[in-house]
Amino acid sequence: MDLSTSFMGLRMPNPLVVSSSGLSASVEGVKKAVEAGAGAVVLKSLFEEDIAAAVGRTKPEISESHPEAESYLQQMGMLLEPDEYLSFVESSVQLVDVPIIASLNCYSANWWVDYARRIEKVGANAIELNIAPLATNPEMESAQLEDDLVALVELARKVVKIPIAVKIGQHFSALPQLAVRLHQAGADGLTLFNRYYRLDIDIEKVEFISGNFLSVQEEFAPVLRWIGIVSNLTSLDIAASTGIHGAPNVIKALLAGSDSVQLCSVLYREGLGAMAAIKKNLETWMEMHNYSTISDFHGLLSFKKRGDYYHRLQYVKALK
Ligand SMILES: Cc1cc2nc3c(=O)[nH]c(=O)nc-3n(C[C@H](O)[C@H](O)[C@H](O)COP(=O)(O)O)c2cc1C
């Protein structure tokens, strides 16, 4: 079986990617991930707040920028000063022979542009822009939110030449149009979807608490739908993320047209060894279906090929 594939023009020995997380927050973590069989690694994000703090400006209010940042920083003991992040990227690239994708969590344009340039300079193979806008202001129109996102990607495209993936959350009403616009703005890939920090409430203490920071498998269903709809729309490559906990969901993501598949919660729960089992089960499935390469079945069940199954959200055919 040949599991090799490519994502945003980067050759990968297999489609499994370790997601940006605490697992990819150190050179040691990256090394272990690759030894365990990762086809690529997205490094832990450098948050705009860290860059802002490092350049001595006022730290923005977390709630107004990235609700996820503070919790991630606390939970994962984040992390590195921006300059340390650059040497982390450099060492990771030098150490392993699979693509290393650096990650920036950004919102406002000013802070991170210089770092994007520097990340490219130290050799990152690609960059994933982790963009997490939160609409809390009733005067903010959805079109404005999307325009901002597109403008940010346009800016990123101007400052770096390496491939850019945009990682977004699920809450867009017209994702196909947004995908086309992001592509026109210069994105090479789209990571669907980020799973943000979950807000929960302790009803005894009547206080906010952190929700479960790992996903459950059932969260994959909407991911699958949107991958199917958005893949093949443009030449934008798609990375699947959220709720992929085993070979079945990896296979589904590839059938729907995903070009790579990111794993996070499953690796936290089961360890990095889960990747070997997933690859083995993927190969067994391919053998049973007489597929010898990923491209033999990639996108077979995408919207482009099987649009009739995607047209309605509530339709009996989909339930059969
Ligand atoms: C502890 C933890 C830290 C994370 N940190 C980041 C991060 O820095 N940047 C990012 O883009 N996503 C981050 N994520 C989100 C994951 O990359 C992934 O998109 C999400 O967990 C959904 O995938 P899963 O269902 O396989 O867990 C983090 C997730 C976890 C659990």
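Further up the page is the structure itself.
For the structure given in this document, a descriptive report is provided here. (Residues numbered from 1 in each chain as written. Predicted model: local features only at pLDDT ≥ 70, side-chain atom pairs only at ≥ 80, totals over all residues.)

Quick look at the overall build of the chain now. Counting secondary structure elements, the chain contains 13 helices and 12 strands. Each of the 320 residues in the chain was classed as buried or not, and the buried ones make up 44%. When contacts within the chain are restricted to residue pairs at least 6 apart in sequence, those whose partners lie at least 24 apart make up 71%. (Helix = DSSP H or I, 4+ residues; strand = E, 2+ residues; numbered from the N terminus. Buried ≥ 20, exposed ≤ 12 C-beta atoms within 10 Å, placed from the backbone. Contact = placed C-beta atoms within 7 Å.)

Attention now moves to the environment of Ala-256. With respect to the helices and strands, Ala-256 occurs in helix α9 (residues 247-256). Owing to 28 C-beta atoms within 10 Å, Ala-256 belongs among the buried residues under this scheme. For the pair Ala-256 and Arg-225, spaced 31 residues apart in the sequence, the C-alpha separation amounts to 7.9 Å.

Residues Ala-38, Val-41, Ile-101, Ile-127, Val-166, Leu-190 and Ile-227 are the most contacted members of the largest nonpolar core, which totals 84 residues. For this core, the element with the highest residue contribution is helix α8 (residues 220-230), accounting for seven residues. When near neighbours in sequence (up to four residues on either side) are disregarded, Ile-227 contacts Leu-192, Ile-238, Ala-240, Ala-253, Ala-256, Gly-257 and Ser-258. (Core = buried A, V, L, I, M, F, W, Y, C linked by C-beta atoms within 7 Å.)

Close contacts around the ligand come from 25 residues, with Ser-19, Ser-45, Ser-215, Cys-264 and Ser-265 the closest. Breaking the shell around the ligand down by element, the ones donating at least two residues are β4 (40-47), α3 (67-75) and β5 (100-105). (Near = placed C-beta within 6 Å.)

What follows deals with the sheet that holds strand β6 (residues 126-130). The strand order around the closed barrel formed by eight strands is β3-β4-β5-β6-β7-β8-β11-β12, and the pairing between neighbours is parallel. Taken pair by pair, the neighbouring strands of this sheet meet at an average axis angle of 25 degrees, ignoring direction. Sheet topology places strand β3 (residues 16-18) next to β4; two bridges connect them, and they run parallel. Bridge pairing in β4 places Val-18 opposite Val-41. Those strands touched by helix α6 (residues 142-159) are β6 and β7 (164-168), and its axis lies near 155 degrees from that of β7. (Pairing = 2+ DSSP bridges. Axes fitted to C-alpha atoms, helices over the stretch in contact; angles between N-to-C directions.)

Next up on the list: the environment of Ala-156. Take Ala-156: it is sitting in helix α6. Sequence-wise, Ala-156 and Gly-186 are 30 residues apart; in three dimensions their C-alpha atoms are separated by 8.2 Å.

Time to look at helix α1 (residues 27-35). Taken as a whole, α1 has its buried residues at Gly-29, Val-30, Ala-33 and Val-34. Burial along α1 is one-sided: seen end-on, the buried residues are contained in an arc of 130 degrees. Relative to its buried face, α1 has exposed residues pointing more than 90 degrees away, namely Glu-28 and Glu-35. If you follow the buried residues of α1, they end up packed against β3, β4 and α4 (82-95). (Arc of directions from axis to C-beta.)

Taken together, the buried positions of α9 are occupied by Asn-249, Val-250, Lys-252, Ala-253, Leu-254 and Ala-256. Buried positions along α9 lie against α8, β11 (237-240), β12 (260-263) and α11 (274-288). Among the residues trailing α9, Gly-257 stands out with phi positive, at a value near 115 degrees.

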